[in-house]
Amino acid sequence: MIELGGGDPSAPLAEAVVDLDAIAQNTRLLAGRTGAALLAVVKADAFGHGLLPVARTVLAAGAGWLGVTSRAEAMALRDAGVTAPLLSWLHAPDEDFAPVVAAGVDLSAASTPHLAGIAAGARRARTRANVHLKVDTGLARNGAGDGDWPELVRRARAFETAGLLRVRGVWSHLATAEVPGDRGVAEQLRRLERALALARAGGLAPDLVHLANSAALVGLPRTHFDLVRAGIALYGVEPLPGQAAGLRPAMTLCSRVILTRRVPAGTGVSYGHDYVTRAASTLALVPLGFADGVPRAATGRGRVWIAGRQCPIAGRVTMDQIVVDVGDLPVRTGDEVLLFGSGDRGEPTVGDWARWAGTNPHEIFTGVGARVPRRYLPVRTARRSGRERVSA
Ligand SMILES: *Cc1c(COP(=O)(O)O)cnc(C)c1O
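Please read all numbers here as calculations on a predicted model, not as lab measurements.

Scanning the protein chain for helices and strands turns up 11 helices and 19 strands. The principal-axis extent of the C-alpha atoms belonging to the protein chain is close to 80 × 40 × 40 Å. Residues classed as buried in the protein chain amount to 51% of the 392 residues present. For the protein chain, the proportion of contacts with a sequence separation of at least 24, taken over those separated by at least 6, is 68%. For the protein chain, the distance from the average position of its 45 positive side-chain charges to the average position of its 36 negative side-chain charges is 3 Å.

Below you can see the structure in the form of structure tokens.
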């Protein structure tokens, strides 16, 4: 059970409680659903859950790889002593790659300028860079197109011969893994296989092919290849609607009531009085707003858990606070408030907030603001999964 403050005057008014045991269990569960190695996506501060605590937890629970988007995230892991295989995939071609290459970070390259930049970094670092060539198979976002792929392969092979890099992976990202039965997946698979055949014909010998994200891990086994990249599922959000994999939500965003007021029927709340109480009611003030991750777009729809019930937010979500209409519930200053959590106590889930705000759970998680302290519940079972796989 999560308790905030408990009468301690020095306790924070709000916090995001991250259950590392849930993340460990999710990792074991996901690793057990595939014969491929598991790459845990810990970009964006582990989807707001905290980079280092999450990285250590997933590695101990059976993830063989970590995935981030930037050099800064990669170096934060290495500087903290995390030595696990690590892939970083979103870069400008003229970045200084020498430090990450020296730190043994695998890098994605989607164009010949990127490849040249990585090779230059490897030359300065006096060590070979491990590269994963990214091919666009239909997402049309970040990957080499069909027309550029042969040249990318040719240049990569030349850099290999020069001793500057080794192409360890060929990879792509699915556009529609969340859509059951989408025919785009088959086309993306065909294009990945074709790119792989061209890479091999060009003299490359990648031993890690990867395509799948969380939804594909759960729903599309034929996309698993050698490595699957799981993000949202690690944090306990079911990636496929109506196909529960048994994941446990890891984050609870909670706060407490700092003021209550009894008001008569017809009281207008918030700017422009866009919420009007229908009956005499108690209004509870909660010190969390959009700067803390309560999406303003959920105004008029958002609900929070107080005193065992979900109660509507009255009026607008402001930067720092919300007002909750708790009706006749016996709510007092200091009472616990759950914005979202596992749902076990009847509180909203991150999926509910995503729906109310017209977005996805990823955006809700990464929106939880920097001023909300994270508190960690430890892994309870130190038991290892026995499913760890040796990665290349
Ligand atoms: C963020 C990301 C993922 C994780 O996706 P989920 O749907 O959260 O599992 C996987 N691969 C790449 C390239 C990503 O950027």
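With that out of the way, let us pick up the pairing of strand β2 (residues 37-41). Each regular strand shows side chains that alternate between the opposite faces of the sheet. Among the 5 residues in β2, 5 count as buried, and that is most of the element. Burial of β2 is two-sided: the residues Ala 37, Leu 39 and Val 41 facing one way and the residues Leu 38 and Ala 40 facing the other way are all buried. Across 4 bridges, β2 lies against strand β9 (residues 227-230) in parallel orientation. Bridging from a neighbouring strand, Leu 38 pairs with Val 228 of β9. Alignment of β2 against strand β3 (residues 65-68), held across 3 bridges, turns out to be parallel. Looking at β3, one finds that Val 41 is bridged to Gly 67.

This part covers the packing of helix α1 (residues 20-31) against helix α3 (residues 51-60). The N-to-C vectors of α1 and α3 enclose an angle of 40°; their axes lie 9 Å apart at closest approach. With respect to α3, the element α1 is oriented oblique. Pair α1 / α3 crosses with right-handed handedness. Side by side, α1 and α3 meet where Leu 20, Ile 23, Ala 24 and Thr 27 of the first sit next to Pro 53, Val 54, Thr 57 and Val 58 of the second.

What follows deals with the domain arrangement of the protein chain. Reports of interface size often rely on the accessible area that becomes lost once the parts have come together. Domain assignment breaks the protein chain into domain 1 (32-234) and domain 2 (251-377). The gap between the C-alpha centroids of domain 1 and domain 2 is 39 Å. Facing the 7 residues of domain 1 at the interface are 7 residues of domain 2. When domain 1 packs against domain 2, the two sides together hide about 670 Å² of surface, and 71% of this comes from carbon and sulfur. Three residues stand out in domain 1 for area buried against domain 2, namely Phe 47, His 49 and Ile 232, and they jointly supply 65% of the buried area on that side. Linking domain 1 with domain 2 are 2 residue pairs in polar contact (both at pLDDT 80 or more).

On to the layout of surface pockets, then. Quantified by volume, the largest pocket comes out at close to 780 Å³. In terms of lining residues, the largest pocket is bounded by 31 residues, among which Lys 43, Arg 141, His 173, Asn 213 and His 362 are the most central. Every element with two or more residues in the lining of the largest pocket is listed here: α2 (43-47), α9 (214-219) and α11 (361-367). Both domain 1 (32-234) and domain 2 (251-377) contribute no fewer than three residues apiece to the lining of the largest pocket.

In summary, soluble globular proteins display a tendency toward joint burial of nonpolar side chains. Judged by nonpolar contacts, the single largest core of 117 residues is most densely connected at Leu 133, Trp 149 and Trp 353. Of all the elements, helix α8 (residues 184-201) adds the most residues to this core, at 6 residues. The residues that make up this core include at least three from each of domain 1 (32-234) and domain 2 (251-377).

This part takes up empty space enclosed by the protein. A probe matching the size of a water molecule, rolled over the atoms, marks out where space remains unfilled. Under the criterion given, the structure shown has 2 cavities of 30 Å³ or more. What the largest cavity holds in volume is close to 40 Å³. Every residue lining the largest cavity is listed: Lys 134, Val 135, Asp 136, Thr 137, Leu 139, Ala 140, Arg 141, Asn 142, Gly 143, Ser 172 and His 173. For the lining of the largest cavity, the per-class residue count stands at 3 nonpolar, 5 polar and 3 charged.

Quick look at the site of the ligand now. Near the ligand, the surroundings consist of 13 residues, among which Lys 43, Ser 214, Arg 229, Gly 231 and Ile 232 are the closest. When atom positions are compared with the pocket grids, the ligand is found to occupy the largest pocket. Among the elements of the structure, α2 and β9 are those that each provide at least two residues to the shell around the ligand. The residue inventory of the shell around the ligand, partitioned by class, reads 6 nonpolar, 5 polar and 2 charged.

Below, the discussion takes up helix α7 (residues 149-161). With 13 residues, α7 should reach 18 Å at 1.5 Å per residue; the first-to-last C-alpha distance of 18 Å fits that figure. For α7, the set of buried residues is Trp 149, Leu 152, Val 153, Ala 156, Phe 159 and Glu 160. Each buried residue of α7 sits inside an arc of 125° when the element is viewed along its axis, so together they form one side. Immediately beyond the C-terminal end of α7, within one or two residues, lies Gly 163, with a positive phi of roughly 80°.

Conventions we followed
Residues numbered from 1 in each chain as written. Predicted model: local features only at pLDDT ≥ 70, side-chain atom pairs only at ≥ 80, totals over all residues. Heavy atoms only, no water. Helix = DSSP H or I, 4+ residues; strand = E, 2+ residues; numbered from the N terminus. Buried < 20%, exposed > 50% of the residue type's maximum accessible area, 1.4 Å probe, protein only. Contact = heavy atoms within 4.5 Å. Lys, Arg positive; Asp, Glu negative; His and termini not counted. Charge placed at Lys NZ, Arg CZ, Asp CG, Glu CD. Pairing = 2+ DSSP bridges. Axes fitted to C-alpha atoms, helices over the stretch in contact; angles between N-to-C directions. Parallel < 35°, antiparallel > 145°, perpendicular 65-115°, else oblique. Left-handed = near helix turned anticlockwise from the far one by under 90°. Domains from an automatic or database assignment. Buried area = accessible area lost by both parts, 1.4 Å probe. Polar contact = N/O pair within 3.5 Å; in protein donor to acceptor, adjacent residues only side chain to side chain. 1 Å grid on protein atoms, 1.4 Å probe; cavity = no way out; pocket = protein on both sides within 12 Å on 5 of 7 lines; lining within 4 Å. Points joined across faces, edges and corners; volume = space filled by probe spheres on them. Core = buried A, V, L, I, M, F, W, Y, C linked by side-chain atoms within 4.5 Å. Nonpolar A, V, L, I, M, F, W, Y, C, P; charged D, E, K, R; others polar. Near = heavy atom within 4 Å. Sits in = over half its atoms within 2 Å of the grid points. Expected span 1.5 Å × (residues − 1). Arc of directions from axis to C-beta.

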